[in-house]
Amino acid sequence: ESIHCQFTFAVVGGTNENWAMQVSREKDGKYTCEVTRPDRDSYLVFMNFKLNIKGGKISHVEAYDKDSKLNPNVYTVTDSEVRHVEGKFKANLKLLSVSINKHDEL
């Protein structure tokens, strides 16, 4: 079974930004799913976001805006999903990185 990541979102703004999503296997055997604007800061205003995982269990999450690491209270994490917290998430996102333990390695 493979790892699948799905990122869904709603944004305001039309800056023609290029974003990337990558799933990679790390040296420790875990997987990482990363969504980012790799070349520069994002100027999009995120109304919401959600990242779903299939084939594994989320073990760690890091999220950043253009200036710093986001406070973990602005998003919620379950075994299979990371999503914004309504009223706390301040609409800025540049990088979302999720570490995943594969189901057969738990």
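Up top you'll find the structure we're talking about.
For clarity, every value in this text was computed on a predicted model and none was experimentally measured.

Enumeration according to the criterion identifies four salt bridges in this entry. A salt bridge links Asp39 to Arg37; its shortest N-O distance comes to 3.7 Å. Notably, a salt bridge pairs Arg83 with Glu81, separated by 2.9 Å at the nearest N-O pair. Taking relative accessible area as the criterion, Arg83 reaches 31% and is therefore assigned partly exposed. The buried category is assigned to Glu81, whose relative accessible area is 18%.

A few words on the state of the cysteines. Under the criterion given, the structure shown has one disulfide. A sulfur-sulfur distance of 2.5 Å marks the disulfide that ties Cys5 to Cys33. Here Cys5 is found in strand S1 (residues 4-12), whereas its partner Cys33 is found in strand S3 (residues 31-36), with 28 residues between them in sequence. For Cys5, a relative accessible area of 16% puts it in the buried group.

Formed by 23 residues in total, the largest nonpolar core has its most connected members in Phe49, Leu96 and Val98. Secondary structure elements with two or more residues in this core: S1, S3, strand S4 (45-54), strand S5 (56-64) and strand S8 (95-102).

Before going further, it helps to examine the sheet that holds S3. The four strands lie next to each other as S2-S3-S8-S5, forming an open sheet whose pairing is antiparallel. The two strands at the open ends of the sheet, each matched to only one other strand, are strand S2 (20-25) and S5. Strand-to-strand twist of the sheet, defined as the mean angle between neighbouring strand axes without regard to direction, takes the value 15°. Alignment of S5 against S8, held across eight bridges, turns out to be antiparallel. Of the residues in S8, the one forming a bridge with Glu62 is Ser97.

Basis of the calculations
Residues numbered from 1 in each chain as written. Predicted model: local features only at pLDDT ≥ 70, side-chain atom pairs only at ≥ 80, totals over all residues. Heavy atoms only, no water. Salt bridge = Lys/Arg side-chain N within 4 Å of Asp/Glu carboxyl O. Buried < 20%, exposed > 50% of the residue type's maximum accessible area, 1.4 Å probe, protein only. Disulfide = S-S within 2.5 Å. Helix = DSSP H or I, 4+ residues; strand = E, 2+ residues; numbered from the N terminus. Core = buried A, V, L, I, M, F, W, Y, C linked by side-chain atoms within 4.5 Å. Pairing = 2+ DSSP bridges. Axes fitted to C-alpha atoms, helices over the stretch in contact; angles between N-to-C directions.

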